[in-house]
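Each chain, letter by letter, is given below.
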Amino acid sequence: MNSQQGQSVIDKVSNEQADPSDHSVDDQKSAHDGNSDNDSNERSSDANKGKLPFKPVPKRLEAFRKLLTEEVGLDTSFDVVAREMTFGSRRTSLFFMNGLVKEEILTEVLKRLTYLQPEDITTHALQSFLDLYVPAVQVDKEQDFNNVVNAVLAGSSALFIEHEGVALLIDAKSFPSRGPEEPSLERVVRGSRDGFVETLMVNVTLVRRRVRDPGLRYEIIKIGKRTQTDVCIAYINDIADPELVDSIRAKFQEVELDGLPLADKQLEEATVKRGWNPYPLVRYSERPDVVAAHLLEGNIAVFVDTTPSVMILPTTFFDLMQHAEENRQTPFIGTYLRWVRFIGIIASMVLMPIWFLFVLQPDLKPPGLEFIGPESVGKIPLFIQFLIAEVGVDLLRMASVHTPTPLATAMSLVSAILIGEIAVSTGLFINEVILYMAISAIGMFATPSYELGLANRIARLVLLIAVALFKVPGLMVALTLLIVLLATERSFNRPYLWPFIPFDLRAMLNIIIRNPVLKNRIRPNLLRPQQREKIPKPE
């Protein structure tokens, strides 16, 4: 629809509002039928834009009900409700989705309206309903029928008043949700026990409770032509890099999908577009305190409705290796825990390939490590044993996810004692393969980022294959290619291996050592914050 056509439609609606009594149901029907083909063509032409053309709210109740029947399945879908009542000689219809609204608020609205008499309704009935007769906190006027439907599908309620051509949107949302429990993947010994849930408003409130900064901004974008999923971009206005905020906002606005039923993961794939690279370029967190800390650093947080995890942008390889527990302990203990975690993650990647190399070439063993290596390789080649063990650990991990909690302990005992012991005693595996596979699995589970742990597992398999084929040259070339791959990756135009590549001494020391909070005064250069100083200088 071009600008002249749009203006003509608006003028027509304005003229209709000036004389609401001269329009019959047949006029509305013929107008609707005559424009049905044009509406369908406009919908198809604007499909790629994700926005439907303007459709005025009808003035007659019958026409409004007909549109509800055609567009949202009134009288077909049991959860679509249109409660029709007459208040002060004006026919009205309260349109909402059963299960997404607070019935107490709507009941109070209807109770208030039942006291209206015909003499209470003036020529400015709409303004009277808006200002005087609808006792709700958030009430807005809407002339576009498509926007009315989208708002109701998002949980609002629409009050249609005959002869007005406008609907009142009443914010009385009530989404089914669980309590904010501690996330299972980011548990801490000391610290808060609340975590994000599947409701967007609860999640942003948990962060707002921790960051009482007037500069905290929450921008809402709807993504998905059918799902109309709410995506919230959160940042602190005077800290975050404006170019980074604009870049992320532009990427989200360019997403063209039918919907986001799988929420943040689909949004990540649609915006990051990294192809087959297994390493995550986005950090996920289910802890409000972690998200609040990153916002104060200058990061951008992305909330997606219907998911309990929040994306933190941009991220680096070393960000994915840190955990909230380190900052809940003293600086010395936090540094110790960080080193132990780093050693475990590195060991999970390279320990098995190096041991395999020592078995293939015993002359490479350093003095004092002659005991490394099996006396016999067993009935199956070592490389095949490693592959079977890797697949076995993955199967156990997937089985534990789908195993009921009361049976999880029993399954662990069966897998650890029976399968492991019988596999060694029958000669399928040797003891050292089980040992190093267990160490690698522990290192993977000690990785704070679940996605990073899975990516490191793939990297370990590649290193094993390189050692099996080319021995020392294969290991060196594979490690070099892995580092080059990570060094060339960028997370929203930020280097993935920062501060190692490019090297930043101050930032590298902050990663190796968990400094006391009063010593950590500078925000990371990577984020290009508007304010470098964390602690304000005394006036």
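Concerning the overall build of the protein
The number of helices and strands found in the protein is 17 helices and ten strands. For the protein, contacts bridging at least 24 residues in sequence account for 65% of all contacts bridging at least 6. Surface summary for the protein: the accessible area is close to 28500 Å², and the carbon and sulfur share equals 59%.

Some details on the pattern of salt bridges
Any two side chains of opposite charge can pair, given that their charged atoms come close. What the rule picks out here adds up to 26 salt bridges. When the shortest N-O distance is used, the salt bridge between Asp194 and Arg210 registers 2.9 Å. Taken together, the residues span a long stretch of sequence, with Asp194 in the loop between strand S5 (167-170) and helix H8 (200-210) and Arg210 in helix H8 at a distance of 16 residues. Taking relative accessible area as the criterion, Asp194 reaches 13% and is therefore assigned buried. The exposure class assigned to Arg210 is partly exposed, which follows from its relative accessible area of 31%. When salt bridges that share partners are traced, they join Glu182, Arg187, Arg193, Arg287, Asp289 and Arg328 into one network.

Section: the pairing of strand S10 (residues 310-313)
Because side chains alternate across S10, one face comprises the buried residues Val310 and Ile312, and the other comprises Met311 and Leu313, equally buried. Hairpin connection, strand S9 (residues 300-304) to S10: the antiparallel pair is bridged by five residues, and Thr306 has positive phi, about 80 degrees.

Describing the packing of helix H12 (residues 331-360) against helix H16 (residues 450-488)
It is at 9 Å that the axes of H12 and H16 come closest, and there the two elements cross at 30 degrees. Where H12 crosses over H16, the two elements pack in a sense that is right-handed. Together, Ile345, Ser348, Met349, Val350, Met352, Pro353, Ile354, Phe356, Leu357 and Leu360 of H12 and Asn456, Ala459, Arg460, Leu463, Leu464, Val467, Ala468, Lys471, Val472, Leu475, Leu479 and Leu482 of H16 make up the contact between the two elements.

Quick word on the nonpolar core
Counting 41 residues, the largest nonpolar core has Phe252, Leu267, Tyr279 and Phe317 as its most contacted members. Looking at this core, the element that brings in the most residues is H16, giving five residues. Leaving out residues up to four positions away in the same chain, Phe252 has contacts with Ile221, Ile223, Val231, Ile233, Leu267, Thr271 and Val302. Phe356, Ala389, Ile430 and Leu463 belong to the second largest nonpolar core, which has 25 residues in total.

What about a nonpolar patch on the surface?
Among the surface-exposed residues, Trp339, Ile343, Ile483, Phe500, Ile501, Phe503, Leu505, Leu509, Ile512 and Ile513 lie close enough to one another that they form a single nonpolar patch of about 950 Å² accessible area. Broken down by secondary-structure element, the contributors of at least two residues to the nonpolar patch are H12 and helix H17 (505-512). Looking at the nonpolar patch element by element, the count peaks at three residues for H17. Among the structural elements, Ile343 can be located in helix H12.

As for the sheet that holds S5
Strand order in this open sheet of five strands is S1-S2-S4-S5-S3, and the pairing throughout is antiparallel. The sheet is open, and its two borders are formed by strand S1 (80-87) and strand S3 (139-142), each paired with just one other strand. For this sheet, the mean angle separating the axes of adjacent strands, direction not counted, is 25 degrees. Pairing analysis gives eight bridges linking S1 to strand S2 (residues 90-97), with the strands arranged antiparallel. Residue pairing across strands places Ala82 opposite Phe95, the latter belonging to S2. Against the sheet, helix H4 (residues 61-72) contacts S1, S2 and strand S4 (157-161), and its axis sits at roughly 15 degrees relative to S2. Set on the sheet, helix H7 (residues 145-153) makes contact with S2, S3, S4 and S5; between it and S2 the angle comes to about 50 degrees.

Quick word on unusual backbone geometry
The amide bond that connects Leu313 to the next residue, Pro314, takes the cis arrangement and shows omega of -20 degrees. With a phi close to 75 degrees, Asp75 is a non-glycine residue in the positive phi region. Mapped onto the secondary structure, Asp75 falls in the loop between H4 and S1.

Observations concerning the side chain of Arg494
Examined against the element boundaries, Arg494 turns out to sit in the loop between H16 and H17. In this structure Arg494 comes out as buried when scored by relative accessible area, which is 3%. Reaching out from Arg494, the side chain makes a polar contact with the side chain of Asp241 at a distance of 3.1 Å. Apart from the residues lying within four places of it in its own chain, the contact partners of Arg494 are Asp241, Leu244, Pro314, Glu489, Leu526, Leu527 and Arg528.

Some remarks on the confidence of the model for the protein
Looking at the protein, the pLDDT average stands at 82 and 83% of residues meet or exceed 70. Low pLDDT, under 50, characterises residues 1-49; the stretch is placed with 42 contacts to residues that sit more than four places away or in other chains.

Quick notes on the rules
- Residues numbered from 1 in each chain as written.
- Predicted model: local features only at pLDDT ≥ 70, side-chain atom pairs only at ≥ 80, totals over all residues.
- Heavy atoms only, no water.
- Helix = DSSP H or I, 4+ residues; strand = E, 2+ residues; numbered from the N terminus.
- Contact = heavy atoms within 4.5 Å.
- Areas by Shrake-Rupley, 256 points an atom, 1.4 Å probe, with all protein chains shown as cover.
- Salt bridge = Lys/Arg side-chain N within 4 Å of Asp/Glu carboxyl O.
- Buried < 20%, exposed > 50% of the residue type's maximum accessible area, 1.4 Å probe, protein only.
- Pairing = 2+ DSSP bridges.
- Axes fitted to C-alpha atoms, helices over the stretch in contact; angles between N-to-C directions.
- Left-handed = near helix turned anticlockwise from the far one by under 90°.
- Core = buried A, V, L, I, M, F, W, Y, C linked by side-chain atoms within 4.5 Å.
- Patch = residues over 30% accessible without salt bridge, like charges linked within 9 Å, V, L, I, M, F, W, Y side chains within 5 Å.
- Polar contact = N/O pair within 3.5 Å; in protein donor to acceptor, adjacent residues only side chain to side chain.
- pLDDT = per-residue confidence, 0-100.

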